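# Geometric and topological summary
Given next are the chains, with one letter for each unit.
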Amino acid sequence: MRFATKAGRRAPRVRGVVAALSLLAFAWPAGAAADGLRVGFGKTKITPELADRWTDLNGNALRDPEEPWVDGNGNGRFDPVYMAGFANGRAAAGIHDALFAVAAVFDDGERRIGVVTADVVGLSHGFAEALREETSERLSLDYLLVHATHNHQGPDTQGLWGPSRFRSGVADGLHRRLRDQMGEALAQAVASLEPARLEALHVPSRKAFGIVDTRLPDVIDEGVRAVIARRPGDGGVIGTLLNFAVHVESLWDRNLELTADVAGYARRGVSLGLDYDGDLFRGGLGGTTLWLTGNIGGLITTLPETPVVDPRDGRPRVPPSFEKARAQGYGIAAALLDGVAAGEARPVGHARIGIYRHDLEVPLANRPLILGALLGILDRDIGWSRGVMTESEVALLTLGDVWIAAVPGELYPEIAVGGIEHPVGADFDVEPASDPPLRTRMNGQLNLMVNLANDSIGYIIPRSQWDAEAPWIYGAKEETYGEIVSAGPGTAALVHRAFLDLFREASDQSPASHSPRQRSYQGVVEPSP
């Protein structure tokens, strides 16, 4: 990436492959703010147009040739929008609610950073770099965090869920339109910058949220975390960053309507309140809410049989439905609103901006993913050094006492909070590693961990729990899920090491220092067993 920043303060960037694994580290120290903190939010619709609609007569969520459809554009052929997740060929049949790109920009007078997220399943590092090149100089951004909510009820943005395993599901022009739309949300955020003060909130309970860890060990990075930007004068809310760990897939695999799912309901609940078909049960905070998905590897999700308690009537919702998705999103929002009402949101001190980043070269040991990239099915750039590699990054942003860790895939929670095991049947005879847990080295008043940030390299699995071959761990009768969509068994150690370096740099950074620091490391590619 040719990284553009504010005029006169262009950040040095070095690109080069020095070994099979390299990390290039850059740190922008959190210097004193010149003009005080300003914050702005923006929001644009990204819902793809559905040219044609169809009716699923047999309920298998796959369009069979005999099932009726409407030729909306009159071209005589069926033009599908393939939905992300679960299975190939799940074509959208309608739109339930709008998908959005939501952006926030923070400017302390010395540095300006952007955070932009979209209601899609995942975005590659190449996509993030392209968006940065299109927006950073134009909007004077020193750094841009690009995030996908991991929505399984939106369009395929990675190519994995087309009509077959060997045909991409990414519609023509989708990435181009999405970058334009995310850029517009960022431009709105810059245009709306205004003086702000920040508050931080962590609600640790997971009661009624309906989340489960579907792969042992049972470890969940619990809690609702939020950063609230308020106007210094009247205290009105400009916007909220909402961080919560769950797969955005409450509607599961038979839904055929595009929707923002849980993330959309949670955003709506925080900003506008808990509205039930025109009946406002509880007011919201106002402003714009931006959802950031937390540590969801493992797999942290809401199963079809998992009950979710609705905050209005206290009754559980069980089968997948929009009512269940609303109950979960509103439950998350209600926890945040409860915390604010109880006075638990604390002022953020010294709201100066720090930017810390490591570039990664991730070894790819997953042959189907390599083949998909080579065939152009998967949106993934690969190269060769001492093995097959792909470029990625980890980053840490600091807003005073708030730390935001940008994780390029789906991190197993035990890497963050502890509890890594070495179960019988694991492929590698190694003791549990990735110690210390990442959260123990994060020194913010509030520490956000954002998955699917700046990339989507799949599950980040502890090496001692890696299980790509029988016998299966924990006595399972079938293949464990996770490895099939992971870069390889070496990814977790690479990401863990890089984050510890970032956390150390952020903790040690002297306010008087103004020069980015650079380091490089070398490692080896280890194939999957």
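Residues numbered from 1 in each chain as written. Predicted model: local features only at pLDDT ≥ 70, side-chain atom pairs only at ≥ 80, totals over all residues. Heavy atoms only, no water.

## Remarks on the sheet that holds strand β6 (residues 100–107)
Spatial strand order, β8-β7-β6-β2-β9: five strands in an open sheet with mixed pairing. Two strands lie at the open edges of the sheet, namely β8 (143–148) and β9 (194–195), each paired on one side alone. Pairing of strand β2 (residues 38–45) with β9 involves two bridges; the strand directions are antiparallel. Looking at β9, one finds that R38 is bridged to P195. Against the sheet, helix α2 (residues 174–191) makes contact with β2, β6, β7 (112–118) and β8, and its axis sits at roughly 145 degrees relative to β2, the strand it touches most. (Pairing = 2+ DSSP bridges. Helix = DSSP H or I, 4+ residues; strand = E, 2+ residues; numbered from the N terminus. Contact = heavy atoms within 4.5 Å. Axes fitted to C-alpha atoms, helices over the stretch in contact; angles between N-to-C directions.)

## Concerning helix α4 (residues 322–341)
In an α-helix, one full turn covers 3.6 residues, which means residues spaced three or four apart are oriented alike. For α4, which comprises 20 residues, the first-to-last C-alpha distance of 27 Å matches the rise-based estimate of 28 Å (1.5 Å per residue) to within 8%. Of all 20 residues that make up α4, 17 are buried, and the element is covered over most of its length. Looking one or two residues past α4, G343 carries a phi angle of roughly 75 degrees, positive in sign. (Expected span 1.5 Å × (residues − 1). Buried < 20%, exposed > 50% of the residue type's maximum accessible area, 1.4 Å probe, protein only.)

## Structural notes on the pairing of β6
Of all eight residues making up β6, eight are buried, and the element is well covered by its neighbours. In β6, alternate side chains face the same way, and those of F100, V102, A104 and F106 on one face and A101, A103, V105 and D107 on the other are all buried. As judged from the eight bridges shared by β2 and β6, these two strands associate in the antiparallel manner. Each residue of the ladder has a partner; that of V39, found in β6, is F106. As judged from the seven bridges shared by β6 and β7, these two strands associate in the antiparallel manner. If you follow V102 over to β7, its bridge partner there is T117. What sits between the antiparallel neighbours β6 and β7 is a turn of four residues, in which G109 has the positive phi angle 95 degrees.

## A closer look at the nonpolar core
Among the nonpolar cores identified, the biggest contains 38 residues, and V224, L242, F244, L285, W291, I332 and L336 are the most heavily contacted of them. The dominant element in this core, judged by the number of residues it contributes, is α4, at ten residues. Core analysis: the second largest hydrophobic core is formed by 36 residues, L396, I457, Y459 and F499 among them. (Core = buried A, V, L, I, M, F, W, Y, C linked by side-chain atoms within 4.5 Å.)

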